[in-house]
Amino acid sequence: PTPTLPPGLILPPVIAELQGWPPLPAPLYFVREGRLWRWPTSGGNLEQLAPHDDAETLTRYALTPDERVLVYHNTAGQLRHLDLITGELHTIPTAGLLRPESFALTPDGQTLLYLAWGLTPDSAITPPLTAAEGTLFALDLTDPQRLQRLLGICRSGEDAGGLPCAGPWLDPTGARVAYLDREGLWIAALAAEEESEAQLLLPAEAQRWHFEAWSPDGAWLLLRSEGAAGEMLQLVESESGNVTTLPHTQCGATCHAMARWGADGTLWVGVEDVPQERGLLYRAIVQAGAPVSITQQLGSASGDIVRPSALAPFSEIAVTFLHRGCVACTRPEAGLYLWRDDGGVVPVALIPAPQGETLWIADGSGFLYLEHTGEAPHPALLGLTATGALWDVRVALQETSQLQWGSPPQPPAP
């Protein structure tokens, strides 16, 4: 029998096969077979951006918000700088052993942060760093030959069951960088007038911290904490180090909590209780020195049945989430939903038993759904909300990784 479609469904219930490379509301970047590709807004053909030397293989990349400056790591352990407008390419002079996950690029493309693994910067530092430890440097890309600034030493505590060295994570404003090591959470300022090294913001003590995200203004860090009290999501003030636990996120081994920042600094939080097939979503306001204020809630407290995952805020007033559906209930259908700040819930697309995440274009004009059915997420569906298109992209985007949307083209000035 044909199921009853939820009222207001934005995209068609039937998924179409992708034909060629149609136009998109924003460019889509991805890595395939060691090459960075761009699916342009005009459609037609994919564009290979880097590397152009067949002997070179890209492992990870960072792109500035204006999509002009590209820095990428290759299998030779180098970092390469490419201007996508002029085509100018050069190797960045770095020290120590480089890993693909251990560098960050400021939004203006002028400063590179990286961990030099196994490099002890001063003979007075004892014991010397091991291959699992690193030195954090800041490099001025406008003057690569200038003396690099040492920001901190990242020590590993894995041998003793403590935190490994991890990071760096740059705040969205480009003003500060964070990293974790056996001592805890460290913060370093990048401004020229603040030449001090990293400061310990949050000692590890009896907890294991996992970095989740910076707030858009750099005022907060979202961490996942593991300790004797179980797993929970916590906010850390980047100035004071004060810690706040997010409500309902300390829920034990049978549930999963997630949180995402909206562009305006609003925090959207979801909690799923797996055995009970229930959960909740809430919207929170976070202010220094005050408790977390829940302004709206959707889920078990209001009687709605929702199993949220893959939160994705794409505006100040809305968040999308995947609802997994449940055996003991008939509503709502499993799929992708939009929750507005006026309390309205709008079905976007029906996705049977979704297990994955969504990547949204910043203006909400399209999304990519990535399935988590193996070791790594892989693209499955592409939806365009403006045109009502929903395509199966499993074949077209097979064996791709590091997918990200660029910015939608700006309309011409009047």
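In this report, the structure presented in the accompanying data block is examined. (Residues numbered from 1 in each chain as written. Predicted model: local features only at pLDDT ≥ 70, side-chain atom pairs only at ≥ 80, totals over all residues. Heavy atoms only, no water.)

Comments concerning the pairing of strand β30 (residues 366-371)
And step 1. Counted residue by residue, β30 has six buried out of six residues, so it is predominantly covered.
And step 2. The pairing of strand β29 (residues 356-360) with β30 spans five bridges and is antiparallel. Paired with Thr-358 across the strands is Tyr-369, a residue of β30.
And step 3. What sits between β29 and β30 in their antiparallel hairpin is a turn of five residues, with Gly-364 showing a positive phi close to 80°.
And step 4. Two successive antiparallel strands, β30 and strand β31 (residues 378-384), enclose a turn made up of six residues. (Buried < 20%, exposed > 50% of the residue type's maximum accessible area, 1.4 Å probe, protein only. Helix = DSSP H or I, 4+ residues; strand = E, 2+ residues; numbered from the N terminus. Pairing = 2+ DSSP bridges.)

Comments concerning the packing of aromatic side chains
And step 1. One pass over the full model with this rule turns up seven aromatic pairs.
And step 2. Sitting over the ring of Phe-103, Arg-60 keeps its end group 4.4 Å from the ring centre.
And step 3. For Arg-99, the ring lying beneath its charged end belongs to Trp-117, and the centroid distance is 3.7 Å. (Phe/Tyr/Trp six-rings, centres within 6.5 Å; stacked < 30°, edge-to-face > 60°. Lys NZ or Arg CZ within 6 Å of the ring centre and 35° of its normal.)

Some details on the sheet that holds strand β9 (residues 103-105)
And step 1. Strand order in the open sheet made by the four strands is β9-β10-β11-β12, with antiparallel pairing throughout. Taken across any chain shown, the strands that pair with only one partner, and hence form the sheet edges, are β9 and β12 (149-154). Neighbour-to-neighbour, the strand axes of the sheet open up by a mean angle of 15°, direction not taken into account.
And step 2. Relative to β12, strand β11 (residues 134-140) runs antiparallel, the two sharing five bridges. Directly across from Thr-135, in β12, lies its bridge partner Ile-153. (Axes fitted to C-alpha atoms, helices over the stretch in contact; angles between N-to-C directions.)

A few points about unusual backbone geometry
And step 1. Along the chain, Ala-50 connects to Pro-51 via a cis peptide bond; the corresponding omega equals -15°.
And step 2. Within the secondary structure, Pro-51 is located in the loop between β4 (47-50) and β5 (58-63).
And step 3. In this model, Gly-167 is joined to Pro-168 through a cis peptide bond whose omega is 0°.
And step 4. Within the fold, Pro-168 resides in strand β13 (residues 166-170).
And step 5. Of note, the phi angle at Glu-399 is positive, near 60°, even though the residue is not glycine.

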